[in-house]
Structures are given as structure tokens and as C-alpha cells.
Amino acid sequence: MSALANHAFAKMNGIGNEIVVVDLRDSQGRAQVSAAEARAVASPAGAPYDQLMVLQPPRLDGTEAYITIYNNDGSEAGACGNGMRCVVRRIFEKTGQTTATFQTRAGLLNCWQGPAPDLYTVDMGAPKFGWQDIPLAEEFRDTRYIELQVGPIDNPVLHSPSVVSMGNPHAVFWVDDVNAYDLERFGPLLENHPIFPERANITLAHIVNRDHITIRTWERGAGLTRACGSAACATAVAAARLKRANRIVEITLPGGKLGIEWRERDDHVLMTGTADFEYEGRFDPALFASVA
Ligand SMILES: N[C@H](CCC[C@H](N)C(=O)O)C(=O)O
């Protein structure tokens, strides 16, 4: 039987990024979730989400949990900033802690209570810029802009994105108005472009001024979302690398705003924002009847 059958979950959101948190740290035996189970949870009879955060028993001393992150198509996401803030809020409220370290595929993430009681900060680690790190299918020495476009060759609609890995692949297209493009149409084309062998999260970004950027993101494996925390980090870093923004910026997303700092001293990216609890539930075993 699925480890998720009858298991408790929390439905939350990180500025509108739909997140489900499942704590399997106490489960006897199998604490793994298959792609088919993750898709079943995302179905209308389950708890529809953009990302599912599964807490598994810690694998390293000093960490609270090993977290596996799923997109709603069942694929694994290396990183999820908004989901991390939701997990952090949940743990802090239960334990009274104000700091915690988690392990994910992208490495160790330190998290702490932010500068106000409703704010949570996640140290998302250092960005990576090498073409193999993102990864790209071919060599680009300079990833501040890469050659990639959609639309007519002589008059592309979108072109020359910056690419960054925040533990997951991001392409950031610089535009004057993030709402002027049909991201639902171009998002899937770019997400699945052969230049991205592991697909990519696709962001439109408008630099309002050196302290403020507006973005909209088409997420790999989840589609249009109201917020993507790692995309906010990727955008802040890419803009600073181009010397078009400061290392501390505010990012406005459709669902709210995030504070991002690309810290000079260690290259780490700190993301600060809210996390909202919506409801708790238990998964109906019937959801998993036909999945392995
Ligand atoms: N919403 C998430 C990112 C999910 C990324 C995922 N779509 C992928 O890389 O596959 C965030 O707040 O960072």
C-alpha cells in the first residue's frame, strides 16, 4: 500500500505558489513517493499543487529532514524556494525553533525566522553559471546571455536569455512588460527546447530599477504559477551579473513579493518572504488504488 494512503498533509502556499507538505519522517519502512503517487496527489480528488514537498528521515546529523520535491507532473524539482518557506513555517510553528537546516538534492539549505514574525528566510546556496551546470546541451562560454529565441528568425518575440542554476535550471528573458507575452504558449516551447536537456523554468523579467524587478514564470513540470522562488533568485543573480541591478533587490511576482540578497561574502542567495497555511487533510487511499 502507498505510504501516502491515509497520511496527513498540509496545504499551504508561498505567495500563491501552491504547495503540499507531507511529513514522512515517522513512517515505518518506505518513505519514498513515486512519480505516479505524486501525480495522484495533484489530481482534483487529491490536493492539487504546484510542488509537493516530502519530508523524509534525515540522512545527515544536524539536519531536520531530507526533502524530495515533486512538480505536479510527477517530475522531481531540484529546488523550490516557496515550498521551503512553507516547510520552515510548519516546523517552526510545531517546534518553536527559529533556525533549521534541511537537505535536498541541491544540497544543504539553512533557514531562519526572517526580520518580521511572518517572514522566513531560506539560504538557497550559491548559483551556478557553467553551461554544464545548468545544464545546456552545448557549450556557451558566457551564460549572461545565450543564443536562443522564439518567433520569426528576423524578428524574434523573445530572445537572448540569461541562464542560471539555483539547483534547478532557469532561463530569464529580459522584457519591458512581463504581461505583454503569451507565456502559456511560449513557456512550453522554451521549457522543452533541445538546448535544455533537463528542461528549464522560463521567466520573463522586467527591471524596474536597480532595486526592483518584476517577473512572471512558466515552471518546468508545473506550468504557469503565481510565484516561483528559485526563479526570483535566478533573476536577481542574473540581473546583478549584468550589472543592471544591485545585489539586494525586491522581486514582484504575480502572487506577491520576495526580498532577495546575493550575499557578497559567500556568494549565497538569501530569499525572504511569507508562507501561508491553508488547511490540513488526509489522503484518501482510493487515490492510490491504481498506482504502484
Ligand atoms: N516553485 C518553485 C520552483 C519549482 C521549480 C520546478 N518547477 C523545477 O525546477 O522543476 C520555487 O518556488 O522555487
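Further up the page is the structure itself.
One structure accompanies this document, and this report is about it.

Cut-off values and rules
Residues numbered from 1 in each chain as written. Predicted model: local features only at pLDDT ≥ 70, side-chain atom pairs only at ≥ 80, totals over all residues. Heavy atoms only, no water. Helix = DSSP H or I, 4+ residues; strand = E, 2+ residues; numbered from the N terminus. Rg over C-alpha atoms; globule rule 2.2 N^0.38 Å. Buried < 20%, exposed > 50% of the residue type's maximum accessible area, 1.4 Å probe, protein only. Contact = heavy atoms within 4.5 Å. Areas by Shrake-Rupley, 256 points an atom, 1.4 Å probe, with all protein chains shown as cover. Lys, Arg positive; Asp, Glu negative; His and termini not counted. Charge placed at Lys NZ, Arg CZ, Asp CG, Glu CD. Near = heavy atom within 4 Å. Polar contact = N/O pair within 3.5 Å; in protein donor to acceptor, adjacent residues only side chain to side chain. Nonpolar A, V, L, I, M, F, W, Y, C, P; charged D, E, K, R; others polar.

## Here's the deal with the overall build of the protein chain
Phase 1 of the analysis: A tally of helices and strands in the protein chain yields four helices and 18 strands.
Phase 2 of the analysis: Relative to the globule expectation of 19 Å for 292 residues, the C-alpha radius of gyration of the protein chain, 18 Å, shows essentially globular dimensions.
Phase 3 of the analysis: Along the longest, intermediate and shortest principal axes, the C-alpha atoms of the protein chain span 55 × 40 × 30 Å.
Phase 4 of the analysis: Looking at the protein chain as a whole, 54% of its 292 residues qualify as buried.
Phase 5 of the analysis: The long-range share in the protein chain, meaning contacts at least 24 apart out of those at least 6 apart in sequence, stands at 61%.
Phase 6 of the analysis: Of the accessible surface of the protein chain, which amounts to about 12500 Å², a share of 48% is contributed by carbon and sulfur atoms.
Phase 7 of the analysis: Of the charged side chains in the protein chain, 27 are positive and 35 negative, and the gap between their average positions amounts to 2 Å.

## Quick notes on the environment of T99
Phase 1 of the analysis: Here T99 shows up in strand β5 (residues 99-104).
Phase 2 of the analysis: Those residues within four positions of T99 in sequence are excluded, and the remaining contacts are F92, C111 and W112.

## What about the site of the ligand?
Phase 1 of the analysis: The ligand sits among 15 residues. The nearest are N17, E219, R220, G229 and S230.
Phase 2 of the analysis: Here a nitrogen atom of the ligand sits 2.9 Å away from a polar atom, N or O, in the side chain of Q51.
Phase 3 of the analysis: A distance of 2.6 Å is found between an oxygen atom of the ligand and a backbone nitrogen or oxygen belonging to G229.
Phase 4 of the analysis: Contact with the protein chains hides 100% of the accessible area of the ligand, taken as 360 Å² for the molecule alone.
Phase 5 of the analysis: Those elements giving two or more residues to the shell around the ligand turn out to be α2 (81-95) and α4 (229-241).
Phase 6 of the analysis: Broken down by class, the residue content of the shell around the ligand amounts to four nonpolar, nine polar and two charged.

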